[in-house]
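Each chain, written out:
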Amino acid sequence: LAFRTGVLLAPLWWLALIRLRREMDAMASSAVAHRMCASLQGTASDEKLALQFLNVTTEGLTAVQTATATPSSSIDDIVGSRCFLLAVGGALFCLRRRRVHRRAEAETAKAAARRAYPQDDWRFKLVRSVGEECQADRELRGLMKMKRNKFKLYDGFEPSGRMHIAQGVFKAINVNKCTKAGGTFVFWVADWFALMNDKMGGDLEKIRTVGKYLIEVWKATGMDMARVKFLWSSDEITNNAEAYWGQALDIARRSTLARIKKCCQIMGRSEDALTAAQIMYPIMQATDVFFLEADICQLGVDQRKVNMLARDYCDWAGRKKPVILSHHMLYGLTAGQPKMSKSNPDSAIFMEDAPEDVERKIRNAYCPTAPEEAVVGTHDEEMHLVRDDLMNPCLDYLKHILFSREGYTFNAGGRVYTEFEDVKQAFVSGVVSEELLKDRLIEEMNSLLEPVRKHFQEDPTAKELLSKVRQWKKENLKAPSTLTRLRLSGLDDAPVFAVFAPMPREELLLGMVLDVLRRLQLAPRGSSPVLWLGDWSALAAGCLGASKACIKEFYELLLLALEALAPETMQLVKVCWQGEAILSDPSAYWISVINTGRRCSLEAIRAALPADETLEYASQVIFALMRVGDVLALAGANGLTLCSDEREANLDAFATRLCVDFGLVAPEARPVCAQPLRLQPVVSGGRRSTGGDDGRLHILLTDSDAEVARKIRKAFCEPSNIGFNPPLAWLHALLPARAPVEVCRASEHGGDIVYPDLASLEAAFALGSLHPGDLKEATVRALACARRHLQGSEQLQTALALRAAAR
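Please read all numbers here as calculations on a predicted model, not as lab measurements.

Engineer: Would you mind going over the overall build of the chain in detail, with residue names and values included?
Structural biologist: What the chain contains, in helices and strands, is 36 helices and 15 strands. Counting over 807 residues, the chain shows a buried share of 50%. Entry remark: accessible area of the chain is about 38300 Å², with carbon and sulfur atoms responsible for 52%.

Take a look at the structure:
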């Protein structure tokens, strides 16, 4: 294209060359050739073609130079120009060809990158063989390609005593496959959760001993410990409480209660029989996934729903999803049992079983050759994703424990089977009898358990651990009856008078400040007033977009405003930040919260909500349970009074009842009716007001004097109406009840008048002797007087200026 364009525009090129002759005299043709060659280095084929055109270019330049030296040489000029144009067109052609060639190479590289590398495909197949289901195969394949030997898997277990073969041998086989593929397997030892569930008598040291015993079992089974980590939840959660519980609260606020109920299969409870604590367990298990930064959740199919909750949360929060690799659940040995049960010793083979125990259990195991209608009806789709009408536990052991090992062969009746399906077909057809199948199964199971028995007989540490665990089983340990709760220092000297600060909102209303101040001033003489700032509860409720910085800023402004308005009162008040209090002993606080949840139903939580709220989100459950945890922390030796807004009366009654259930003295609930400081009435059937209406309907802490005066003058103030009268309500909020009130008015309207107290002013307005306009002006002056205290606080004004600049 460049060559054709050059030929068509030859006359213009010829005119341009006349102007360039003087400059081209100074050029050496060889130097030009070398410069063009350096700029056209590419593939070998491109270089050859470029050099051909460069030879022509050199001749053309020489001809042009000769023509320039000869005054009357028109034909040489034309020839030289044509040669030069031919060379330039050829060079452009080479550049274009080189560009196309590189583009084709890039497309080929991209296509190759999209295909799975053969060296990574074995990793995918090996890890994928662990799961009965994978969410999703494409993501797992991409993970194997991107991280190869740097991906992380996780599973959790609660040290509660015995370990059956599914948790022992079967898990070890799966872990070894994953670590062979290059993964690091993290075991989350849920000793803290066992403590909450009163396992081993509620003794954390005994629980940790059981956990160490289970680790020794895995070592003896041949689990590759080189790429396995054991993290103790009691240590990790306590040392990283803010990160862990912050993540848990975020999951709760984004999850509906209906979604969490679907996960409760992990506790084996139906939705109708759920306690409030059982709403917390799926949230905490989903939190584990992100807290441990797991790439793959490698748990059983029975945990699938809660793992899918973690993936759903990623959609809501915009995070990278973990891969869910759910392994098969081995059948129990009795007919129709979807999985092994520790509560029924004969339903499973345990890792410490003696050879005669293994033989007895397998001899008595359910082992049909054809589906039985009564048993097929017990199939649990939530426990087994692949339908198996036969539901034969002996064949299940054979497939998932024996044949899952690399290179395994099954010898029976003089024949060697290399595939499980061949054994199954031989058993169903009668070639392999039930007795023969069980004989071989007993032999194979005992051979797998023998290294474990030997380890606990010969290793001193393992032997001591097993001895302790067996002794504790005989003792029938019981949980202590003492109440675990957060204890705050300095609250046992006097009765506690607790005021809960309001939940943060976009704007801090002046009415909120006055309401909190009024409640603090109700504290009896000799009591210890406490202002509780629920910053973590605000996170659970999703206030201000669950922004920690914004929540903290709101409460700091509230404190500065309170100190500016009533410094003497605030000197007597103990300010408690909920987050700081929790972090002083997070284990005790959250155990009290979960124990509270175990004592109450979802219906009790629903009854604790304000009348205009419905129970829709899991965060509402946690918010109510945290209120009880707060009250338990505030309950001192000399009694507790809860002074809250009347909207929280149900919540305080809920907390009071739970305190009594825990054996504490019932706190005194003292709800206080909030003053109607809204400037306009609520329209019946109208839309519900939102945070955006605050600037129009309320006096804000950030309003200027002019804005305050404008809002009061536009406020609703119907003549003689004292039922809903915002200016009158503001006077009640700002002035003492018996303080005189001066109303300034023009002489033609009766002149200034002083009312001895607010009751007299209210009576005059009700009779119509006080005009609404005069009442509003009196309110403006009262607000201006109160706001002078706020404007005189240098700290508050600095904080407001910084807030305005940030916005």
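Engineer: So, the pairing of strand S2 (residues 152-157): which residues are in play, and what are the values?
Structural biologist: Pairing analysis gives six bridges linking S2 to strand S3 (residues 184-189), with the strands arranged parallel. Bridge pairing in S3 places Tyr154 opposite Val186. Once you follow S2 into helix H8 (residues 166-180) and on to S3, the crossover reads as right-handed. Bridge count between S2 and strand S5 (residues 296-297): two bridges; the pairing is parallel. Looking across to S5, one finds that Tyr154 is bridged to Cys297.

Engineer: I'd like to hear about the packing of aromatic side chains, residue by residue, with values.
Structural biologist: As enumerated under the stated definition, the model contains 21 aromatic pairs in all. Between the aromatic rings of Trp245 and Trp590, the centroid separation amounts to 4.0 Å while the plane-to-plane angle is 10 degrees, which identifies the pairing as stacked. Taken together, the residues span a long stretch of sequence, with Trp245 in helix H12 (residues 241-254) and Trp590 in helix H27 (residues 586-598) at a distance of 345 residues. Every member of this aromatic cluster is reached through a ring pair, and the members are Trp188, Trp192, Phe193, Tyr244, Trp245, Phe291, Tyr589 and Trp590. The ring of Phe410 has Arg440 sitting right over it, with the charged end atom 5.5 Å from the ring centre.

Engineer: Any chance you could break down the confidence of the model for the chain for me, citing the residues and the numbers?
Structural biologist: Taken over all residues, the pLDDT of the chain has a mean of 84, while the share at 70 or more is 83%. A low-confidence stretch, residues 23-50 stays under pLDDT 50, and its non-local contacts, those more than four residues away or across chains, total 39 contacts. Considering only residues more than four positions removed or in separate chains, one finds that residues 686-690, a stretch of pLDDT under 50, has seven contacts.

Engineer: Give a detailed account of the pattern of salt bridges, specifying residues and quantitative values.
Structural biologist: If you walk through the whole model with that rule in mind, you get 43 salt bridges. The salt bridge partner of Asp295 is Lys147, with a shortest N-O separation of 2.9 Å. In this pair, Asp295 sits in the loop between helix H14 (277-291) and S5 while Lys147 sits in helix H7 (residues 137-147), placing the two residues 148 residues apart along the sequence. Residue classification places Asp295 among the buried positions, given a relative accessible area of 10%. Note on Lys147: relative accessible area 32%, which makes it partly exposed. The salt bridge involving Arg803 is made with Glu507; its shortest N-O contact spans 3.6 Å. Note that Arg803 is positioned in helix H36 (residues 794-806) and Glu507 in the loop between strand S9 (496-500) and helix H22 (510-520), a separation of 296 residues in sequence. Relative accessible area serves as the criterion here: at 15%, Glu507 is assigned to the buried category. Each of Arg405, Arg440, Glu443 and Glu444 takes part in one network of salt bridges that share partners.

Engineer: An account of the sheet that holds strand S13 (residues 668-669) is needed here, citing residue identities and associated values.
Structural biologist: Reading across from one edge, S11-S10-S9-S12-S13 is the order of the five strands in this open sheet, with parallel pairing throughout. If you trace the sheet from one side to the other, it starts and ends with strand S11 (574-577) and S13, each paired once. Relative to strand S10 (residues 528-533), S9 runs parallel, the two sharing five bridges. Each residue of the ladder has a partner; that of Val496, found in S10, is Ser528. H22 contacts S9, S10 and strand S12 (640-643) of the sheet and is inclined by roughly 170 degrees relative to S9. Packing against the sheet, helix H29 (residues 618-634) makes contact with S9, S10 and S12, and its axis sits at approximately 155 degrees to S9.

Engineer: Explain the packing of helix H24 (residues 548-565) against helix H35 (residues 772-791) to me, using residue names and the numbers behind them.
Structural biologist: The interhelical angle for the contact between H24 and H35, taken along N-to-C directions, is 115 degrees, at an axis separation of 8 Å. Crossing of H24 against H35: the hand is right-handed. Across from Ala561, Ala564 and Leu565 in H24, the residues of H35 making contact are Ala786, His789 and Leu790. Its residues placed into classes, the contact of H24 with H35 shows five nonpolar, one polar and no charged.

Engineer: Describe in detail empty space enclosed by the protein, supporting the description with residues and values.
Structural biologist: Within the structure shown, the criterion is met by four cavities of 30 Å³ or more. Its volume calculated, the largest cavity comes out at about 80 Å³. Lining the largest cavity are Phe500, Ala501, Met503, Trp532, Gly534, Ser537, Gln578, Phe623, Arg627, Asp630 and Glu648. Of the residues that constitute the lining of the largest cavity, the class distribution is five nonpolar, three polar and three charged.

Engineer: Summarise unusual backbone geometry; cite the residues concerned and give the values.
Structural biologist: That bond from Gln135 to Ala136 is cis: its omega, 0 degrees, falls within 30 degrees of zero. Assignment of secondary structure puts Ala136 in the loop between strand S1 (133-135) and H7. Backbone geometry at Arg148 places phi at a positive 50 degrees, although glycine is not the residue there. Note that Arg148 resides in the loop between H7 and S2. Taking the relative accessible area as the measure of exposure, Arg148 reaches 32% and is therefore partly exposed. Residues other than glycine seldom take positive phi values, yet Met391 does so here, at roughly 50 degrees. With respect to the helices, strands and loops of the structure, Met391 is situated in the loop between helix H17 (373-376) and helix H18 (393-402). Residue Met391 is classed as buried on the basis of its relative accessible area of 5%.

Engineer: Which residues make up the nonpolar core, and what values go with them?
Structural biologist: The nonpolar side chains of a soluble globular protein tend to be buried with one another. Judged by nonpolar contacts, the single largest core of 240 residues is most densely connected at Trp245, Ile401, Met445 and Trp590. No other element matches H29, which puts twelve residues into this core. Residues within four places of Met445 in sequence aside, it is in contact with Ile165, Ile349, Val358, Ile362, Tyr397, Ile401 and Leu402.

Engineer: I'd like to hear about helix H21 (residues 460-475), residue by residue, with values.
Structural biologist: Taking 1.5 Å per residue, 16 residues should reach 22 Å; H21 reaches 23 Å between its end C-alpha atoms and fits that length. Those residues of H21 that fall on the buried side of the exposure criterion are Ala462, Leu465, Leu466, Val469 and Trp472. Taken around the axis of H21, the buried residues stretch over an arc of 130 degrees, which confines them to a single face. Of the exposed residues in H21, those oriented more than 90 degrees away from the buried face are Pro460 and Lys474. Those residues of H21 that are buried are in contact with helix H10 (204-221) and helix H20 (434-458). At the N-terminal boundary of H21, the capping side chain belongs to Asp459, with an oxygen 3.1 Å from the backbone nitrogen of Thr461. A positive backbone phi angle near 55 degrees is found at Asn476, which sits one or two residues after H21.

Engineer: Residues and numbers for the side chain of Ser404, please.
Structural biologist: Examined against the element boundaries, Ser404 turns out to sit in the loop between H18 and strand S7 (410-412). Looking at Ser404, its side chain comes within polar contact range of the main-chain oxygen of Ile401, at 3.2 Å.

Engineer: Describe in detail H20, supporting the description with residues and values.
Structural biologist: Structurally, the α-helix is built with 3.6 residues per turn, so residues lying three or four positions apart point the same way. The terminal C-alpha atoms of H20 lie 36 Å apart, and with 25 residues this matches the ideal 36 Å at 1.5 Å per residue to within 8%. The sharpest bend along H20 measures roughly 35 degrees and falls at Leu449, with the proline Pro451 sitting one to four residues further on.

Engineer: Kindly report on the sheet that holds S3, identifying the contributing residues and their values.
Structural biologist: Spatial strand order, S1-S6-S5-S2-S3-S4: six strands in an open sheet with mixed pairing. Looking at strand neighbours, the two that pair on one side only are S1 and strand S4 (228-232), the edges of this open sheet. Along the sheet face, H10 touches S2, S3 and S4 and points at about 170 degrees away from the line of S4.

Conventions adopted
Residues numbered from 1 in each chain as written. Predicted model: local features only at pLDDT ≥ 70, side-chain atom pairs only at ≥ 80, totals over all residues. Heavy atoms only, no water. Helix = DSSP H or I, 4+ residues; strand = E, 2+ residues; numbered from the N terminus. Buried < 20%, exposed > 50% of the residue type's maximum accessible area, 1.4 Å probe, protein only. Areas by Shrake-Rupley, 256 points an atom, 1.4 Å probe, with all protein chains shown as cover. Pairing = 2+ DSSP bridges. Right-handed = clockwise from strand over helix to strand, strands pointing away. Phe/Tyr/Trp six-rings, centres within 6.5 Å; stacked < 30°, edge-to-face > 60°. Lys NZ or Arg CZ within 6 Å of the ring centre and 35° of its normal. pLDDT = per-residue confidence, 0-100. Contact = heavy atoms within 4.5 Å. Salt bridge = Lys/Arg side-chain N within 4 Å of Asp/Glu carboxyl O. Axes fitted to C-alpha atoms, helices over the stretch in contact; angles between N-to-C directions. Left-handed = near helix turned anticlockwise from the far one by under 90°. Nonpolar A, V, L, I, M, F, W, Y, C, P; charged D, E, K, R; others polar. 1 Å grid on protein atoms, 1.4 Å probe; cavity = no way out; pocket = protein on both sides within 12 Å on 5 of 7 lines; lining within 4 Å. Points joined across faces, edges and corners; volume = space filled by probe spheres on them. Core = buried A, V, L, I, M, F, W, Y, C linked by side-chain atoms within 4.5 Å. Expected span 1.5 Å × (residues − 1). Arc of directions from axis to C-beta. Polar contact = N/O pair within 3.5 Å; in protein donor to acceptor, adjacent residues only side chain to side chain. Bend = angle between axes of the 7 residues up to and from the residue.

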